[in-house]
Structure formats: structure tokens, C-alpha cells
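Residue-level structural notes
Given next are the chains, with one letter for each unit.
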Amino acid sequence: MLPSLSALFAKAGAAPVVQALVIIIGTFILEDAATILTAMEVQTGQVALPVALLALYVGIVAGDLGLYGLGRLAALWPAARRWVKVPQDENGGNWFGRNVFRIVFISRFIPGARLPLYTACGFFNASARRFALAAILATLIWTTLLFAVSLQVGHFLITHLGAWKWAGMGGFALTILLVGRIVANVRSPSR
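Residues numbered from 1 in each chain as written. Predicted model: local features only at pLDDT ≥ 70, side-chain atom pairs only at ≥ 80, totals over all residues. Heavy atoms only, no water.

1. Comments concerning the overall build of the protein
Per the secondary structure count, the protein includes nine helices and zero strands. Sequence-ordered secondary structure for the protein, helices as α and strands as β, is α-α-α-α-α-α-α-α-α. Buried positions account for 40% of the 191 residues belonging to the protein. Intrachain contacts of the protein at a sequence separation of at least 6 include 76% that bridge at least 24 residues. Carbon together with sulfur atoms contributes 70% to the accessible area of the protein, which is approximately 10900 Å² in total. (Helix = DSSP H or I, 4+ residues; strand = E, 2+ residues; numbered from the N terminus. Buried < 20%, exposed > 50% of the residue type's maximum accessible area, 1.4 Å probe, protein only. Contact = heavy atoms within 4.5 Å. Areas by Shrake-Rupley, 256 points an atom, 1.4 Å probe, with all protein chains shown as cover.)

What follows is the structure, encoded as C-alpha cells:
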């Protein structure tokens with residue numbers, strides 16, 4: 001996957017629109033990996049920094065809004081409502097509405113939490129406007145931090161590993177994923 005992304009950027013050449021589309025599609029597949037790989041491409045000069053960051057922000061926020069939208073559609077689809085045990089009182093829906101900012105910010109930083117929580121926000125009809133604002137702010141913070149760290153790591157890898165830079169970046173991406181999983185497992189209650 002790593003060399004093929006690089007090849008896509010090389011073929012896109014100086015076409016920022018194509019580069020942005022590749023990055024946006026990458027965020028739909030695995031957003032943290034797309035962020036890390038895009039930072040590496042910025043470091044090698046294949047992608048301009050503004051194109052990279054804007055495409056990452058757009059792709060990640062669009063994915064978040066898509067998850068919210070899927071939850072909203074599920075709430076409106078009678079078959080989906082049969083699969084989900086919905087509380088008889090409105091406390092569940094009210095809770096999501098009251099805590100949408102907290103939910104979005106916490107789940108942005110906990111691996112595996114976005115899919116269930118963002119779709120639940122949509123399902124329980126939390127304010128779409130507040131959800132979107134929270135998603136934008138959380139994305140700006142998390143993606144910028146991960147991108148900045150990835151730029152520094154990318155610079156180190158290019159400087160010290162040369163042709164092996166992609167192996168090093170793969171190891172870095174794997175480390176980010178594994179640390180996230182470990183943190184999620186440590187924070188989850190024992191069964």
C-alpha cells in the first residue's frame with residue numbers, strides 16, 4: 001500500500017485536485033494512516049502542505065458527518081429500529097444531545113470509538129449543527145497534532161533511512177495503531 005500511494009501522488013504530479021482526492025479517499029479507508037502517509041509525502045515534496053492539510057480536514061470531517069448521517073438514516077428505517085434496543089424514555093436521546101461535544105472529542109482520541117458513538121449521535125438525533133462543529137474542532141486538533149508529529153518523524157526517516165523510509169513510516173503507523181489499541185484496552189472495563 002505504501003509504494004502505491006506514492007505512485008498515485010507521483011502520477012498526480014502537480015495536479016493538486018487529484019492529490020486532494022487521493023488523500024480524501026485515503027481518509028475514508030484509514031484516516032490515521034492517511035494522515036501519516038500524507039505527512040510523509042509532504043516531507044518528500046510530492047504534495048504541498050496546504051493541499052495536504054485541507055484534504056485531510058475535508059476527508060475526515062466528511063467521514064464523521066457520514067457516520068452521523070448513517071445513524072440518522074438507521075433511526076428513520078423501521079428495520080434498523082428493531083435491531084437496536086431503544087430506551088422507552090427519552091433519556092438516551094437527551095443524553096446524546098446534551099453531551100455531543102464531549103462524545104465527539106473523547107471518541108476522536110480513542111481508537112474504535114468513532115463508529116459506534118458518531119452513528120449513535122445520529123441515531124438519537126443529537127444536534128447536527130453541534131455535531132458538525134464538534135467534529136470540525138476535534139479534527140483540527142487531532143489531525144494537526146498527528147500530522148505535525150508525522151512530519152517530524154518523516155523528516156528523521158528520510159534523513160536517516162533513505163530508501164528504507166517507507167518501512168520506517170510503516171513501523172511508525174503500526175506503532176500509532178498499536179498504542180491506540182493498548183490504550184483502548186486499558187481503559188475498557190474487565191469482562
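2. Looking at the pattern of salt bridges
Under the definition given, this model contains three salt bridges. Close ionic contact of Glu-31 with Arg-108 constitutes a salt bridge, the shortest N to O distance being 2.3 Å. Of this pair, Glu-31 sits in helix α2 (residues 16-44) while Arg-108 sits in helix α6 (residues 100-109), and the two are 77 residues apart along the sequence. A relative accessible area of 11% means that Glu-31 is categorised as buried. (Salt bridge = Lys/Arg side-chain N within 4 Å of Asp/Glu carboxyl O.)

3. Digging into the packing of helix α3 (residues 49-76) against helix α7 (residues 114-123)
Two elements in contact, α3 and α7, have axes separated by 6 Å at closest approach and are oriented at 50 degrees. One way to sum up the angle between α3 and α7 is to call them oblique. The two elements α3 and α7 meet at a crossing, and its hand is right-handed. For the pair α3 and α7, contact is made by Asp-64, Leu-67, Tyr-68, Leu-70, Gly-71, Arg-72, Ala-74 and Ala-75 and by Arg-114, Leu-115, Tyr-118, Thr-119, Cys-121, Gly-122 and Phe-123, respectively. Per-class residue counts for the contact of α3 with α7 are nine nonpolar, three polar and three charged. (Axes fitted to C-alpha atoms, helices over the stretch in contact; angles between N-to-C directions. Parallel < 35°, antiparallel > 145°, perpendicular 65-115°, else oblique. Left-handed = near helix turned anticlockwise from the far one by under 90°. Nonpolar A, V, L, I, M, F, W, Y, C, P; charged D, E, K, R; others polar.)

4. Considerations on the packing of aromatic side chains
Centre-to-centre distance and the angle between the planes together describe a pair of aromatic rings. A full pass over the atoms with the stated rule returns seven aromatic pairs. Arranged with centres 5.0 Å apart and planes meeting at 15 degrees, the rings of Phe-96 and Phe-124 form a pair that is stacked. Here Phe-96 is found in helix α5 (residues 91-98), whereas its partner Phe-124 is found in the loop between α7 and α8 (128-161), with 28 residues between them in sequence. By relative accessible area, Phe-124 is classed as partly exposed at 21%. Between Phe-109 and Trp-142 the ring centres are 5.4 Å apart and the planes differ by 85 degrees, which places this aromatic pair in the edge-to-face class. (Phe/Tyr/Trp six-rings, centres within 6.5 Å; stacked < 30°, edge-to-face > 60°.)

5. Details of the side chain of Thr-35
If you trace the backbone, Thr-35 turns up in helix α2. Those residues in contact with Thr-35 that lie beyond four places of it in its chain are Leu-56, Ile-60, Thr-143, Leu-146 and Phe-147.

6. Re unusual backbone geometry
Phi at Asn-125 takes a positive value of approximately 60 degrees, unusual for a residue other than glycine. Within the secondary structure layout, Asn-125 lies in the loop between α7 and α8.

7. Quick notes on α7
Counting buried positions along α7 yields seven of 10 residues, so the element is predominantly enclosed. Residue Asn-125 follows α7 closely and has a positive phi angle near 60 degrees.

8. Details of the environment of Trp-142
Topologically, Trp-142 is positioned in helix α8. C-alpha of Trp-142 to C-alpha of Asp-32: the two residues are 110 residues apart in sequence and 9.6 Å apart in space. With residues up to four places along the chain from it excluded, the contact list for Trp-142 reads Asp-32, Arg-108 and Phe-109.

9. Side note on a nonpolar patch on the surface
A cluster of nonpolar side chains, contributed by Val-17, Leu-21, Ile-25, Phe-28, Ile-29 and Leu-30, occupies part of the molecular surface with about 630 Å² of accessible area. Tracing the chain through its elements places Phe-28 in helix α2. (Patch = residues over 30% accessible without salt bridge, like charges linked within 9 Å, V, L, I, M, F, W, Y side chains within 5 Å.)

10. Some remarks on the UniProt feature "transmembrane region" (unreviewed entry) in the protein
The UniProt record marks residues 12-30, 50-71, 131-151 and 163-184 with the feature "transmembrane region" (unreviewed entry), using the residue numbering of this structure. When the span residues 131-151 is considered, its composition is 100% helix and 0% strand, and the gap between its end C-alpha atoms is 29 Å. (UniProt positions renumbered as here; feature names shortened; annotations may be inferred.)

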